[in-house]
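# Examination of the molecular architecture
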Amino acid sequence: MRKAEQDCGKASTVPRGQCLHGRLGTHRIKRGWVWNQFFVLEEYMGSEPQYVGKLHTEMDRGDNAVKYTLSGEGVGSVFTIDQKTGDIHAQVVLDREKKTYYTLKAQAVDVHTGVPLEPESEFIIKVQDINDNEPQFPDGPYSASVPEMSPTGTYVTQVTATDADDPTYGNSARIVYSILHGQPYFSVDPKTGIIRTALANMDREGKEEYQVLLQAKDMGGQLGGLASTTIINITLTDVNDNPPRFTKSIFHLHVPESASLGAAVGRIQAQDLDVGSNARVEYAIVPGDEGNMFDIICNGQSQEGIVVLKKTLDYETQASYTFQVEAFNAELDPRFLHLGPFKDSVTVKINVLDVDEPPVFTTPYYSLDVYEDTPPGTIIGSVTAYDLDASSSAVRYSLEWQTGSDGFFDIETVEGIISTNEYLDRETAVQHNITVVATKLNNPSLSAEVLVKVNVLDVNEFPPQLTAPSDTFVCENSRAGQVIQTVGAVDEDHPPVGQRFFFKSSKELRHRNFTVRDYGNNTAGIVTRHSAFQRRLQDVYILPVVVEDSGYPAQSSTATLTIRVCSCETVGSPLTCSPVAMFLLAELSAQALLAILLSIALLIVLYMSQRPQKVKDTLMRSKEDIRDNVIHYDDEGGGEADTDAFHMGTLCKTDHSSISDKKKNASFIATRNKPPLFRATQGDAELIREVIEHRLKESQQGYAALPGDKGDGSEARSLSSIDDSFVLDSLGDFSLLGDWGQPFKTLASPRCFGGERESRSIVSL
């Protein structure tokens, strides 16, 4: 510590401006302190309080006019000050490790007035360190591990000791490490505390645990330094450096011949000195020898190899089996393969024990065939079972009834011959499954079962039937070789592989217009032999089609196909066919068709019935020569070119006035807006027939054709016998006939039913 001096000549210790100046005694009132950092030793053991330092100001002339005060940390309890002299003392023993420094404030005041002579100033008292703390291992004792067989210098672990002394002051906190116990296996870096292996190839199986005593000493390890120790427990971890080994050269096992598949026969075990996954052993039967009858699996907990049965045993066939089993590690460490093969082998011998067994059938199952409708009592086959034991007991056979179909069969108990009890029908059941039981005669508790499949074979008893429609059509403009219809067939018989049908034309009736072409896929086509069919010459053809199956004996049938000639559109849709074909295509009922035909005939009859009266009236009014029976009128006909001389409307229309007296008989005829063709019943058809017959009786010419005017554009008058014309009114609206399809559009045309009205429709008689 330094104190403030009053000698201004000592500028090195007294700050400038803090000295007294002038004779008059005037002075500057700035602080006249010289402050240095105060130090105090820790752990001071003297009898007197430890002197720390002294406070002094330039204004203190030694006349006791200045008083010094102290405030801050530890004032009064740790530190005291002499108010007159400014001396500071430590009253207690200090510990730097608990508190390294104290901050205090000092001030000089006038004793008489109490007025501060200078501002309050702050200073520090620092506790000076001594080597009073030894190094400490806060985490000790320690545990570490290192793989066995590690090379020299392999890192194990690192330990660190701490020292509470001041590391910035002297060597009190400089630590050096050393091993007191644990050599020559391990070493330690004296500065870092890193521990490494000092001996190569330490074997865990030889020694697994090591204990190392480590020392940490301060003062750089010099004499007089403080030291402490700790223990490090080091464990060698396992590596796969040991192969599995069998403890004996042969294992003897026993198994009864009746053991089920998968049953455990026995256990074998190989020892591995390693632990954990390194000691996991796998077992395998060496291929060849007699090991194919068995399998081996590993028990993961006990590391045992369990021999299990893979195939059925038979003492009478083979009484013992010998084979080799290998034990090996599942996970290998390539670093230690040079130590040798990591596997071992052993011989396993298994003796089969004889057991009284049930009979054995010659095959796992039987398949028998029988034709349907076979008479009862027919033998269809047999089954055979043997007793393979040394006793060779006789065997008896029986049927195990499970379903009602088992009653169709019977079995002979000694020979195992199976026969039928009833007639079999393939269409009812294609296959019967029966169970035959074979029982040992000397031990009825031992029996065996076998499945017998009885296949009912089909007898070709049903002929195939054609599946095509019985009616079809051909267009007038059809080409030769054109397919007009595709046909197929069905058969109630069920051949085992699949049905095959053959189609052909009848040999007796070789058709000149059509033929049958067999496609080979159970279908055939009806093909035209020529082109240009004419409906006016022949509108219906009958074609016999023969279909034959592939059964034995072959069955066949003949179907008749009706082919109607139609007038068709370019795309092949029929426009007009024969009346029957036309209505069939329209899919109308028979009653509706009859009503349509009778209605059309009635219209014609109504017109025809008017001709005699009209002719008679005309002749009586004639002014010409009666001998010629000619009527003269001014209109000229067009001769043969006159297409209006005979108008189609004449056939379709009639004069209401001429049939007014007959409306009551024809009251069932349709109204103007509702054509009757769709609502005709059987009763209506009878009425229509009566009206037609009545009209025929009244008519003198029946359905005779009407003559037309044959003028040839001549200047002469017409030869028609009718004096004037009459115009027929429409009976009704028949345009709805066009909704029935293309064949009815002609009947529904305006020219036929009340459409375009001609001003003068002349009918010449």
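- Looking at an unreviewed UniProt entry, one finds the chain named Cadherin-12 and attributed to Neolamprologus brichardi.
- UniProt, in its Function (unreviewed entry) section for the chain, records the words "Cadherins are calcium-dependent cell adhesion proteins."
- The record in UniProt for the chain states the following under Subcellular location (unreviewed entry): "Cell membrane".

## What about the overall build of the chain?
- For the chain, the helix and strand inventory stands at five helices and 40 strands.
- Looking at the chain as a whole, 39% of its 765 residues are labelled buried.
- Relative to all contacts within the chain whose residues are 6 or more apart in sequence, the contacts with residues 24 or more apart total 69%.
- Per element, the accessible surface of the chain, about 42,200 Å² overall, is 51% carbon and sulfur.

## A closer look at the packing of aromatic side chains
- Using the criterion set out here, one finds 13 aromatic pairs in the structure.
- Ring geometry for Phe79 versus Tyr102: centroids 5.1 Å apart, planes at 75 degrees, classification edge-to-face. Of this pair, Phe79 sits in strand β4 (residues 79–81) while Tyr102 sits in strand β6 (residues 101–110), and the two are 23 residues apart along the sequence.
- Under the relative-accessibility criterion, Phe79 is labelled buried at 0%.
- Between Phe294 and Tyr321, the aromatic rings sit 5.4 Å apart at their centres with planes inclined by 80 degrees, giving edge-to-face as the arrangement. On the criterion of sequence distance, the pair formed by Phe294 in strand β19 (residues 294–298) and Tyr321 in strand β21 (residues 320–329) is long-range, its members being 27 residues apart. Neither Phe294 nor Tyr321 differs from the other in exposure class; each is buried.

## Concerning the sheet that holds strand β29 (residues 417–420)
- Within the open sheet, the three strands sit side by side as β25-β29-β28. Their pairing is antiparallel. The outermost strands of the open sheet, each flanked by one partner alone, are β25 (379–382) and β28 (409–411). Taken pair by pair, the neighbouring strands of this sheet meet at an average axis angle of 25 degrees, ignoring direction.
- Here β25 runs beside β29; their pairing, made up of three bridges, is antiparallel. Looking across to β29, one finds that Gly381 is bridged to Ile418.

## Here's the deal with the nonpolar core
- Counting 25 residues, the largest nonpolar core has Ile268, Tyr283, Phe294, Val325, Val348 and Ile350 as the members making the most contacts within it.
- Sorting the residues of this core by element identifies β16 (250–256), β17 (264–271), β18 (281–285), β19, β20 (304–309), β21 and β22 (343–353) as the ones contributing at least two each.
- Setting aside chain neighbours within four positions, we find Ile268 in contact with Phe246, Phe251, Tyr283, Ile296, Glu304, Gly305, Val325, Val346 and Val348.

## Examining the pattern of salt bridges
- Tallying each qualifying case throughout the model produces 15 salt bridges.
- The residue Arg204 makes a salt bridge to Glu208 at a minimum N-O spacing of 3.8 Å.
- Of the residues examined, Arg204 reaches a relative accessible area of 10% and is grouped as buried.
- The partly exposed category is assigned to Glu208, whose relative accessible area is 35%.

## Considering the sheet that holds β16
- Read across the sheet, four strands follow the order β16-β22-β21-β18 without closing on themselves; strand pairing throughout is mixed. With partners counted over all chains shown, the strands left at the sheet margins are β16 and β18, one partner each. Taken over all neighbouring pairs, the strand axes of this sheet differ in orientation by 30 degrees on average, direction set aside.
- The pairing of β16 with β22 spans seven bridges and is parallel. Within β22, the position partnered with Phe251 by the bridge is Val348.

## Comments concerning the environment of Phe323
- Its location among the elements puts Phe323 in strand β21.
- Separated by 24 residues in sequence, Phe323 and Thr347 have C-alpha atoms that sit 5.9 Å apart.
- The contacts of Phe323, once residues within four sequence positions are left out, are Ile285, Asp289, Glu290, Gly291, Phe294, Val307, Val346, Thr347, Val348 and Ile350.

## Here's the deal with the state of the cysteines
- Counting across every chain of the model gives one disulfide.
- Through a disulfide, Cys475 is tied to Cys568; the S-S separation comes to 2.0 Å. The sign of the -90 degrees torsion about the S-S bond sets the Cys475-Cys568 disulfide as left-handed. On the criterion of sequence distance, the pair formed by Cys475 in strand β33 (residues 471–475) and Cys568 in strand β39 (residues 556–568) is long-range, its members being 93 residues apart. Of the two residues, Cys475 and Cys568, both sit in the buried class.

## Regarding the side chain of Glu148
- The residue Glu148 is located in the loop between β8 (142–147) and β9 (155–158) in this model.
- As a buried residue without a salt bridge, Glu148 has its nearest oppositely charged side chain in Arg204, at a separation of 4.1 Å.
- At 3.1 Å, the side chain of Glu148 and the backbone nitrogen of Val239 are in polar contact.
- Apart from residues lying up to four places away in sequence, Glu148 is in contact with Met202, Asp203, Arg204, Glu205, Leu236, Thr237, Asp238, Val239, Asp241 and Asp274.

## Thoughts on the pairing of strand β34 (residues 483–490)
- With two bridges joining them, strand β32 (residues 465–466) and β34 adopt antiparallel strand pairing. Following the sheet pairing, Leu466 is matched in β34 by Ala489.
- Where β34 lies against strand β37 (residues 523–528), five bridges are found, and the strand directions are antiparallel. Bridging across to β37, Val483 finds its partner in Val527.

## Examining a nonpolar patch on the surface
- Together, Leu41, Tyr44 and Ile130 give the surface a local cluster of nonpolar side chains, amounting to about 220 Å² of exposed area.
- Within the secondary structure, Ile130 is located in the loop between β7 (121–128) and β8.
- A residue is classified by how much of its surface remains accessible, and Ile130, at 32% relative accessible area, is partly exposed.

## A word on the side chain of Asp110
- Structurally, Asp110 is set in strand β6.
- Buried within the structure, Asp110 lacks any salt-bridge partner; its nearest side chain of opposite charge belongs to Arg61, at an N-O separation of 8.6 Å.
- At 2.8 Å, the side chain of Asp110 and the backbone nitrogen of His112 are in polar contact.
- Once residues within four sequence positions are removed from consideration, Asp110 is found in contact with Ala65, Val115 and Leu117.

Thresholds, definitions, all that
- Residues numbered from 1 in each chain as written.
- Predicted model: local features only at pLDDT ≥ 70, side-chain atom pairs only at ≥ 80, totals over all residues.
- Heavy atoms only, no water.
- UniProt positions renumbered as here; feature names shortened; annotations may be inferred.
- Helix = DSSP H or I, 4+ residues; strand = E, 2+ residues; numbered from the N terminus.
- Buried < 20%, exposed > 50% of the residue type's maximum accessible area, 1.4 Å probe, protein only.
- Contact = heavy atoms within 4.5 Å.
- Areas by Shrake-Rupley, 256 points an atom, 1.4 Å probe, with all protein chains shown as cover.
- Phe/Tyr/Trp six-rings, centres within 6.5 Å; stacked < 30°, edge-to-face > 60°.
- Pairing = 2+ DSSP bridges.
- Axes fitted to C-alpha atoms, helices over the stretch in contact; angles between N-to-C directions.
- Core = buried A, V, L, I, M, F, W, Y, C linked by side-chain atoms within 4.5 Å.
- Salt bridge = Lys/Arg side-chain N within 4 Å of Asp/Glu carboxyl O.
- Disulfide = S-S within 2.5 Å.
- Lys, Arg positive; Asp, Glu negative; His and termini not counted.
- Polar contact = N/O pair within 3.5 Å; in protein donor to acceptor, adjacent residues only side chain to side chain.
- Patch = residues over 30% accessible without salt bridge, like charges linked within 9 Å, V, L, I, M, F, W, Y side chains within 5 Å.

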